[in-house]
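# Architecture at a glance
Below, each chain spelled out in residue letters.
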Amino acid sequence: MSFSLYQINTMPSGWRKVLYLNWPLVLLLSIVACIGFMMLYSVAGGSMEPWVMPQAQRFAIGMTAMFVIAMIPIAFWRLVSGLGYAVSLILLLYVEFFGTVGMGAQRWLDLGPFRLQPSELAKITIVMVLAAYYARIDSAKKSHPIYILPPLVLILIPVFLTLKQPDLGTAVLLLLGGGAVVFAAGVHWAYFAALIASGGAAVLAVFASRGTEWQLLKDYQFRRIDTFIDPTQDPLGAGYHITQSQIALGSGGFSGRGFMEGTQSRLNFLPEKHTDFIFTTLAEEFGFIGASSLLFVYLLIVALCIWTALSTRDRFASLLSLGIAATFFLYFAINMAMVMGLAPVVGVPLPLVSYGGTAMMVLLAAFGLVQSAHIHRPR
Amino acid sequence: MARSQKRKIEDSSAQLSRRAIVLGGLMTTTCLVLAGRMRYLQLERADDFRLLAEENRINLRLLPPARGVIYDRKGTILADNAPNYRITMVREDAGDVDVVLARLSRIVNLDRGKLDRARDEMMSRPPFVPVTIADRLTWEEFSLVSVNAPALPGITPDVGLSRNYPLGGDFSHVVGYVGPVSDYYLDTTGDTDPVLQIPDFQVGRYNVEARLEDVLRGKAGSKRVEVNAAGRVMRELDRSAAQQGADVQLTIDAYLQNYAEARLAGESAGAVVMDTQNGDILALASAPTYDPNLFVRGIPSSIWQTLNEDPYRPLANKATQGLYPPGSTYKMVVALAALEAGLIDPNETVFCGGSMQLGNRRFHCWKRGGHGRMDLIQGLAQSCDVYYYDLAQRVGIEAISAMAQKFGCGVRHEVPLSGVATGIAPTMEWKLANRGEPWVMGDTLNASIGQGFVLNSPLQLAVMTARLASGLAVEPRLIRSIDGVEPHYDPITSLDVNPANLAKIREGMFEVSNGERGTALNSRTVLEDYLIAGKTGTSQVRNITAAERAAGVIRNEDLPWERRDHALFVGYAPAHAPRYAISVIVEHGGGGSAAAAPLARDILLYAMFDDVPPLEAYPASQRRSVQERHDAMQLLPRRGSTDAPPSNGTGTSRA
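Every chain is numbered on its own, with residues counted from 1 as its sequence reads. Lettering for chains starts from A, numbering for ligands starts from 1, and both go in the order in which the items are written. Given that the model is predicted, a residue must reach a pLDDT of at least 70 before its local features are reported, and side-chain atom pairs must reach 80 or more before they are shown or counted; all residues, however, enter totals for whole chains, interfaces and linings. Water and hydrogen atoms were dropped before computing side-chain values, which therefore reflect all heavy atoms in the structure.

### Digging into the overall build of chain B
- If you tally the helices and strands in chain B, you get 22 helices and 20 strands.
- Taking 2.2 N^0.38 as the reference for a compact globule, 655 residues should give roughly 26 Å; the C-alpha atoms of chain B span a radius of gyration of 35 Å, well beyond that estimate.
- Contacts are assigned to residue pairs that have any heavy atoms within 4.5 Å of one another. Here the analysis covers contacts within chain B between residues at least 6 apart in sequence; of these, 73% occur between residues at least 24 apart.
- Where accessible areas are quoted, they stem from the Shrake-Rupley method and a 1.4 Å probe; at the residue level, only the protein chains shown are allowed to cover. By element, 50% of the accessible surface of chain B is carried by carbon and sulfur atoms, the whole surface being about 29,000 Å². Strands are runs of DSSP state E lasting at least 2 residues, helices are runs of H or I lasting at least 4, and numbering of each runs from the N terminus. C-alpha atoms define the radius of gyration, and 2.2 Å times the number of residues to the power 0.38 defines the globule rule.

### Comments concerning a nonpolar patch on the surface
- Exposure above 30% relative accessible area and no salt bridge define the residues that can form patches, which grow by joining like charges within 9 Å and nonpolar side chains of Val, Leu, Ile, Met, Phe, Trp and Tyr within 5 Å. A side-chain nitrogen of Lys or Arg and a carboxyl oxygen of Asp or Glu constitute a salt bridge if their distance falls within 4 Å. There is a patch of nonpolar side chains on the surface, built from Leu149, Leu152, Val153, Leu156, Ile157, Val172, Leu175, Leu176 and Leu195 of chain A and spanning about 710 Å² of accessible area.
- With respect to the secondary-structure elements, Val172 of chain A resides in helix α9 (residues 168-184).

### Brief notes about the pairing of strand β14 (residues 355-358) of chain B
Residue and element names in this part refer to chain B.
- Here a strand pair is declared whenever DSSP counts at least two bridges between the two strands. Pairing of β14 with strand β15 (residues 361-364) involves four bridges; the strand directions are antiparallel. Counted as the bridge partner of Gln357 is Arg362 from β15.
- Linkage of β14 to β15, two consecutive antiparallel strands, is achieved through a turn of two residues, within which Gly359 is found at a positive phi near 60°.

### Quick notes on the confidence of the model for chain A
- Looking at any residue, its pLDDT shows the predictor's confidence there, from 0 to 100. Averaged over chain A, the pLDDT score is 83; the fraction of residues at 70 or greater is 86%.
- The low-confidence segment residues 102-106 of chain A, where pLDDT is below 50, has 15 contacts with residues more than four positions distant or belonging to other chains.

### Examining the environment of Ser209 of chain A
All names here are of chain A.
- Turning to its location among the elements, Ser209 is positioned in the loop between α10 (189-208) and α11 (219-229).
- Ser209 sits 16 residues away from Ala193 along the chain, and the two C-alpha atoms are 24 Å apart.
- Look past the residues within four positions of Ser209 in its chain and what remains in contact with it is Trp214, Gln215, Leu216 and Phe222.

### A word on helix α21 (residues 592-609) of chain B
All names here are of chain B.
- Multiply 1.5 Å by the residue count of a helix minus one, and that product is the helix's expected span. Taking 1.5 Å of rise per residue, the 18 residues of α21 would be expected to cover 26 Å, and the 24 Å separating its terminal C-alpha atoms lies within 8% of that figure.
- In terms of burial, α21 is a largely internal element, 15 of the 18 residues being buried.
- Once α21 ends, the next one or two residues include Asp610, with phi positive near 55°. Only protein chains enter the calculation, and the probe is 1.4 Å; a residue is then buried if its accessible area is under 20% of its type maximum, exposed if over 50%, and partly exposed in between.

### Some remarks on the side chain of Arg37 of chain B
- Within the element layout of this structure, Arg37 of chain B appears in helix α1 (residues 3-44).
- Charge assignment in this entry is limited to Lys and Arg as positive and Asp and Glu as negative, and neither His nor the chain termini are counted. Put simply, Arg37 of chain B is tucked away with no salt bridge, and the nearest opposite charge, on Glu44 of chain B, sits 9.4 Å away.

### Quick notes on the packing of aromatic side chains
- Pairing of aromatic side chains here covers Phe, Tyr and the six-membered ring of Trp, requires ring centres within 6.5 Å, and sorts the geometry by plane angle: under 30 degrees stacked, over 60 edge-to-face, intermediate tilted. All told, the structure shown has 29 aromatic pairs over all chains when counted by the stated rule.
- An angle of 80° between the planes, with centres 5.9 Å apart, marks the rings of Phe37 of chain A and Phe59 of chain A as edge-to-face. One end of the pair, Phe37 of chain A, is in helix α3 (residues 23-43); the other, Phe59 of chain A, is in helix α4 (residues 52-71), and 22 residues separate them in sequence.
- For Phe37 of chain A, a relative accessible area of 16% gives the class buried.
- Taking the centre distance of 4.5 Å and the plane angle of 25° together, the rings of Tyr259 of chain B and Tyr606 of chain B count as stacked. You can see Tyr259 of chain B sitting in helix α10 (residues 254-264) and its partner Tyr606 of chain B sitting in helix α21, a full 347 residues away along the chain. Considered together, Tyr259 of chain B and Tyr606 of chain B belong to a single accessibility category, that of buried residues.
- Members of the aromatic cluster, each reached through a chain of ring pairs, are Tyr298, Phe328, Phe329, Phe332 and Phe367 of chain A.
- Over a ring means this: the NZ of a Lys or the CZ of an Arg is within 6 Å of the ring centre and within 35 degrees of the ring normal. Positioned above the aromatic ring of Phe183 of chain A is the side chain of Arg19 of chain B, whose terminal nitrogen or guanidinium carbon lies 4.6 Å from the ring centre.

As structure tokens, then:
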């Protein structure tokens, strides 16, 4: 039996593909998005404007994109991985020079009706290109130093560019997301030990650079770290967010105040109540039950992606699904840790819930890739 | 397929699965940590946080700064801040909004339409945002609401500050006005001062208020207050006071300004009075005026439309924004250009037969029968056009315009007012660039009598006159001090002009007002120490065709208003020791000697006497009509009297 025949026989085609979609994943994603709509409705004071309608539109577009991407064979996506990575690098460079400055940082590309945030795109393309790389090279050589070098460069270029924007949250996400793929590919664990050690050194370097001319982070980022370490130090300044966020969260209690009944998060105590801090509204209005349920749904989504990774024999598809699972996990874990005072405020949205177009659409597109891997898996 | 290769693939596949499971384990562990944190915050410490949330919610509120007060040169208040009693409402606290509003309207008289708008605004915004329901309440209404507060949940009476212009229209063209912060304002200025978020905050929109916004605004203060679950303020924790805006003192004399505006009233006119020695602008009047208080809270569109459609254009500042052909008031500059170039002898005469032929065009003198033999002095005194046609051909346009610019014409002067016009002192290059045609001699002739391409604002003509009178390169100054400190002005230098030539020009200007045949003889003064020197100007706003000239030029009074000539006068006084310079324009007023010169004389006399001038200063034959006019004028109560406008009385902006 030739290889091509094997493909035709084992892969679904045409409308039958729809049956093979990972429908539980679609359901879970929709649940999370609906939670997001409810929260946006609540923080707007009981109104579809200004956030729910645009968010719902983007969700519809993103879901459509997910289905279209899912229908295209995973082999195609492996072929365009390099190209996608190159495009996102070019866009990152472009914002570096021509981007719109928003909230003190240069992150957006103005495309008329909407704004594109290339760093969001990069989070997925980095995973794609690394998965394609490890699917291509000889598995025995993957831990050889020469073969470690390309993935390292592939990760560090976008990390450096997003740090320059400056967008610490995205830089961390790119680094850890990329790292997860390299780890999953089976690179020797000693490299990771070394990486963690050098990461520690990098943190030291960042702090050492403070106040000097070549300071690696902006002043506001340093202040955020300071206040993370001790929020009471500046309770009405930068520590204000963390303190208020925890008051809102904690006051939710076990069952919450009830939908639309939150007072803390809607009293304008929090600046980005519809974006990075939306979890506080959820936790305040639905309490521990609501917050931990969302966490559980998120974990289920990650588990479904890992299951796809484990059930396919295509190395690219497998690494890609794992990488996307890791990236998605990093999103919500960093965001929740941040609003709960376990991590510094770095500006990572709560995936599929926070208001924001690019992140939502890019994530849904990424799940489209997982779906494609799921449908087209050699069985 | 080779067995070893297959094994390798299976090996790596198994390794991938192991790593995937490790990753999954790591993620699950992290989620457990997060869930643990949730448990800690939401279950173990829930009561602590709930207490904090209910009773100890800290709210940061901005305190608006008081806007700097604007004074005149002697301390009369031109713009200050009046308390504005208003009512705000928070929907969340009100319970049933309609019931509360109905109760409120039984206590105080509220405008129905405004109430509906406030209600709509309240419904469209988050329930905890305070919305202003009524402002500018009287003290009585305000007290009533305060007393009834328990029956009016969600209603808060409070006191804000609102800009007030006690002298009304007199200073609309100088001080300007403030207005609400609009989206347009935020877009065009890029201003991100947090103070702009304060409800009903006012920013300078026009003239001094706008141009000195930075110094007048001040800095916002803040207070931390504890609010309870309903958002009600429980107590104030601390506050940092707002930093008041700097007070500004203008060089304007409010009483002179008031007199000037009163004297111009009824015309579409502008006037500028300047100190010839230091350039202080003592009065800058433009008629008609409008009440700047109307703009403070956003002007109703009906009033705006009326102001905008008035043919006398009350919104335009004729003194600084208006550009007019200066007419004969330009002749001093032309004569000086000729004298400085050494091209003429002041005593040399030119024959005026009523017109001059240039090529196939005939240039007319205003006096059809001609003036006969004219020298420099008589040429100015009788304003003979032919004399200047002759001069202009010898001097050329470049020297004329260079001299005009030296005297401040066609040059932009830096005064903190909106839309200050630059004017035109035309040159050959200018015409080629702007009209695409080469300069011709006819243009020079037109320019020599202040017609054609020449355009000046009354401010520029006042600067010109002050420089002619003093020989100093004075620049107009409008700001006397900011927070009691005089702003930096460059030292005043002498003009690079032969003093003997200037003296000749002044002699001519003296003849205009005092000579037997002077064009402004009727507007002379008779007290030796208060004599005026000046120059009349009448500038055409239409072309007189050859056919019309043949049939007899139509008299101004027979023309529709907007086609009549502009009347101008520039002058200074006292003639022998110049202290005050003035320029007056009366739009479509007819002749300069009849329409503009009397206004200029009265204003100059007021400046010299610092009061309504005594009748002895006027020629005996005019005293009765002057008396009648002064009786009819509505002027400010005398300085120092009990009903005089408020002043800090010190003559400086801050004690």
